[in-house]
Amino acid sequence: MTVLVIAEHDNASLKGATLNTVTAAAKLGGDIAVLVVGTGAGAAAEAASRVAGVSKVLVADSAVFADQSAENVAAQILAVVGASAGSISHVLAPATTFGKNVLPRVAALLDVAQISEIVAVESADTFVRPIYAGNALATVKSADPVKVVTVRTTAFEAAGEGGSAAVEQLSAVADSGLSKLLGRELTKSARPELGAAKIIVSGGRGMGSGENYHAVLEPLADKLGAALGASRAAVDAGYVPNDYQVGQTGKIVAPQLYLAVGISGAIQHLAGMKDSKVIVAINKDPEAPIFQVADYGLVADLFEAVPQLAAAV
Amino acid sequence: MKILVPVKRVVDYNVKVRVKSDGTGVDIANVKMSMNPFDEIAVEEAVRLKEAGVATEVVAVSCGVGACQETLRTAMAIGADRGILVETDAELQPLAVAKLLKALCDKEQPQVVICGKQAIDDDANQTGQMLSALMGWPQATFASKVAVSAGKATVTREIDGGLETLEIALPAVVTTDLRLNEPRYATLPNIMKAKKKPLETVKPADLGVDVAPRLTTLKVVEPPKRSAGVMVADVTQLVDKLKNEAKVL
Ligand SMILES: Cc1cc2nc3c(=O)[nH]c(=O)nc-3n(C[C@H](O)[C@H](O)[C@H](O)COP(=O)(O)OP(=O)(O)OC[C@H]3O[C@@H](n4cnc5c(N)ncnc54)[C@H](O)[C@@H]3O)c2cc1C
C-alpha cells in the first residue's frame, strides 16, 4: 500500500504545505511516495527526498508542467496511479489553491469521490472534515478503492527532515494543449507567509482605507515579525490584494497569535482563524461577534490602540 | 453561444447552523434556504455575457429536491433564460452532480459552464473541476475576471500567492470567486417574468447517471468551543496578558 503525496513546490523548493500533507499521509499507514511534477524541479525533488518518513520520490520533469496547469498535472498523477497497478491506495495534496485546483480532476477521472480538506485521519478510509464554514465537523467513510484527499495544512504538523528517499525519474505525459498561462502577479512581501506565520495581524473594514491599513498595521507587524491578513471586506474594498483574505473562502490560518483589528467577526471570517492559539480583538463596538471568540478583547478605537500597541511590544 | 450555470440550494449564508443532537447532521428544518452565493455570482457573470452580446442563451441547472425550483426561478429572475431541474431526493455528492452536469452538457452543448467555486454547505470545492475533467475540457477555477471571445476565454484566477491569468480554449468550465462581480438584486418585474420562463424537470435515471453516494457520513459533531476570553481595559493590560499569561510575545 502506497500513499502518494502530490508536492506543491516552485521547482527550487517545496512549499511548506507539502510537509503538513506528508504528516497526514503518515497517519494512514503504508509507504509514502512524493510526486514532484515540475520543470527543472531537481532541487524540489531533492528536498522531498530529505523529508522524514518519505520512502520514495517520483519526479516528472518537463516543460509541459511549466504553467502547473490543472489539466497536465492531473494527467501526470493519473498516469502514476495507473502505472502502480493498484498499489496506490491514497492520493493526498494540500488543500491550497494548487491542490483544490488539481485533485478533483484526478478523483473524477478515477471515478472516486474526493474528500476535501480533512482535519483528522480516523483510519485508512475514515476522515474528519469541516462543513458549513467549520460550524460542524463531519466524519466520513469512503467506499472507493483509491482515496483522493486534500489536507487542511493547519491541522497537521510539518514533517521534519532526516529522510533519504530514492529519487526516480518518470516520463512526462503529453501537453493537453487546452490551457496557457499568460502571466502571474504574485504579491511580493518580505513578511512570513500567512499559512506559516506564528503571528498574524489582520485588518478589516474598520481600517477605512488601504493607506490606513498599511500606515497603522505595518509598524505593528514589523515589530512582531508578523504576517498581514485581512477580512473579505478589506480585500473587496481594495485595501489589500486577494491573497491576504482569511476565511471560509480565503486562507485558513492557525497561528500562535491572531490579532483581529477592525474586524466584526462574521462566521465566514471566523472559519479561517478560530483555530488560532490566542486571538486578540480590537474593535470599537463592544457587541462585535469577534469578542465571542477572542481570548483578549479590547474595546477601543484602533487608530489609537494599534500605534500604542506597536510602541509597547 | 450557450452558457450553462449550475445553481445549488443551500442554507442561507447568514444562518449559523446547529448540529443535531443525535449527531446525524445539521438541522436544516425551518431554516432559510438561498442560492449558493458563488452560484449567484456565476449567474450574474453569464447574464452579463449575454447582455454584452457574447452569449445568446443562459441555462440554469439545479440538482436536488423539488424546492430547487425556487433556486432556478431566482436564477431566471437575475436573467437566465430557462431552467433545468434534475430532481431527486437522494443525497447528491459532487461526483454525482458532475456526472449529471456532464450528461446535460452532452445534450445542451454549451460553450462555457460557469460554476461557483464551492458550495457553502459542504465546502467541497470540487464540482466544476470534476465536470471539466469528465468533459475533457480545460478549466479556470477561482475566477476574478472573465473575458470570452472567439473560441477562447481569458480568465484571471485568485491563487494563494496572488493572481494568474490563463487563456483556455472553449468549451470550458470556469468557477467563480467572490470578486468576479456583484450580483444584481432581482427586481419585482423580473421575478414575475421569471415565473413564466420554461423550467424542465428530469430525473437522474433519465440521464443515465448513477448518483449513489461514495462517502458515508458516520457522524456530525460541533467543533470544540473556544472558552470565553476576557476583556482588557487598555493596551498596557493587553501587552501584560500576552507576555505573562498567554506567553505569545
Ligand atoms: C460566500 C461568502 C464567503 C465569504 N468569505 C469570507 C472570507 O473568506 N473571509 C472573510 O473575512 N469574510 C468572508 N465573507 C464576508 C463576511 O460575511 C463579512 O462580510 C466580512 O468578513 C466582514 O468584514 P469586516 O469584519 O472587515 O467588516 P465589517 O463587518 O463591516 O466590520 C468592520 C468592523 O470594524 C469595526 N470598526 C470600524 N471602525 C473602527 C475603529 N476606528 N476602531 C475599531 N474598530 C472599528 C466595526 O465596529 C466593525 O465591527 C464571505 C461572505 C460570503 C457571503
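Note that this is a predicted model, so its numbers are computed, not measured. (Residues numbered from 1 in each chain as written. Chains lettered and ligands numbered in written order. Predicted model: local features only at pLDDT ≥ 70, side-chain atom pairs only at ≥ 80, totals over all residues. Heavy atoms only, no water.)

(A) Looking closely at the overall build of chain A. A tally of regular secondary structure across chain A gives eight helices and 16 strands. A compact globule built from 313 residues should have a C-alpha radius of gyration of about 20 Å, and chain A, at 21 Å, falls within 12% of that. Projected onto its principal axes, the C-alpha coordinates of chain A cover approximately 65 × 40 × 40 Å. Counting only residues that meet the buried cut, chain A has 60% of its 313 residues in that class. Taking the intrachain contacts of chain A between residues at least 6 apart in sequence as the baseline, contacts between residues at least 24 apart amount to 65%. Roughly 11300 Å² of accessible area belongs to chain A as shown, and the carbon and sulfur atoms make up 51% of that amount. For chain A, the distance from the average position of its 22 positive side-chain charges to the average position of its 29 negative side-chain charges is 1 Å. (Helix = DSSP H or I, 4+ residues; strand = E, 2+ residues; numbered from the N terminus. Rg over C-alpha atoms; globule rule 2.2 N^0.38 Å. Buried < 20%, exposed > 50% of the residue type's maximum accessible area, 1.4 Å probe, protein only. Contact = heavy atoms within 4.5 Å. Areas by Shrake-Rupley, 256 points an atom, 1.4 Å probe, with all protein chains shown as cover. Lys, Arg positive; Asp, Glu negative; His and termini not counted. Charge placed at Lys NZ, Arg CZ, Asp CG, Glu CD.)

(B) Main features of a nonpolar patch on the surface. Together, L188, I191 and M192 of chain B make up a nonpolar patch on the protein surface, roughly 280 Å² of accessible area in all. Assignment of secondary structure puts M192 of chain B in helix α5 (residues 188–195). (Patch = residues over 30% accessible without salt bridge, like charges linked within 9 Å, V, L, I, M, F, W, Y side chains within 5 Å. Salt bridge = Lys/Arg side-chain N within 4 Å of Asp/Glu carboxyl O.)

(C) How the structure looks around unusual backbone geometry. For the peptide bond that leads from L170 of chain B to P171 of chain B, omega is 0°, which places it in the cis range. Note on placement: P171 of chain B falls in the loop between β9 (162–169) and β10 (172–176). The backbone of A85 of chain A shows a phi angle near 50°, a positive value even though the residue is not glycine. The topology assignment puts A85 of chain A in the loop between α3 (70–83) and β4 (88–94). Relative accessible area serves as the criterion here: at 71%, A85 of chain A is assigned to the exposed category. One non-glycine residue with positive phi stands out, namely D111 of chain A, at about 55°. Note that D111 of chain A resides in the loop between α4 (97–110) and β5 (114–118).

(D) Spatial organisation of the packing of helix α8 (residues 302–312) of chain A against helix α6 (residues 235–245) of chain B. Two elements in contact, α8 of chain A and α6 of chain B, have axes separated by 10 Å at closest approach and are oriented at 45°. Considered as vectors, α8 of chain A and α6 of chain B are oriented oblique to each other. Pair α8 of chain A / α6 of chain B crosses with right-handed handedness. Contact residues: α8 of chain A offers A305, Q308, L309 and A312 of chain A, while α6 of chain B offers V235, L238, V239 and K243 of chain B. Its residues assigned to classes, the contact of α8 of chain A with α6 of chain B comprises six nonpolar, one polar and one charged. (Axes fitted to C-alpha atoms, helices over the stretch in contact; angles between N-to-C directions. Parallel < 35°, antiparallel > 145°, perpendicular 65-115°, else oblique. Left-handed = near helix turned anticlockwise from the far one by under 90°. Nonpolar A, V, L, I, M, F, W, Y, C, P; charged D, E, K, R; others polar.)

(E) Molecular detail of the layout of surface pockets. In this structure, the second largest pocket encloses a volume near 1700 Å³. Lining of the second largest pocket is provided by 50 residues; of these, R232 of chain A together with Y13, N14, P37 and E40 of chain B occupy positions nearest its centre. Considering each element in turn, the lining of the second largest pocket owes the most residues, six residues, to helix α2 (residues 68–78) of chain B. A class-by-class count of the residues in the lining of the second largest pocket yields 21 nonpolar, 16 polar and 13 charged. (1 Å grid on protein atoms, 1.4 Å probe; cavity = no way out; pocket = protein on both sides within 12 Å on 5 of 7 lines; lining within 4 Å. Points joined across faces, edges and corners; volume = space filled by probe spheres on them.)

(F) Quick peek at the sheet that holds strand β7 (residues 126–131) of chain A. Ordered by their spatial adjacency, four strands build an open sheet running β6(A)-β7(A)-β8(A)-β12(B), and the pairing between neighbours is antiparallel. Looking at which strands have only one partner, the edges of the open sheet turn out to be β6 (120–123) of chain A together with β12 (215–221) of chain B. Along the sheet, successive strands turn relative to each other by an average axial angle of 30°, direction set aside. Inspection of the sheet shows strand β8 (residues 136–142) of chain A paired to β12 of chain B by six bridges, in the antiparallel sense. Directly across from L137 of chain A, in β12 of chain B, lies its bridge partner V221 of chain B. (Pairing = 2+ DSSP bridges.)

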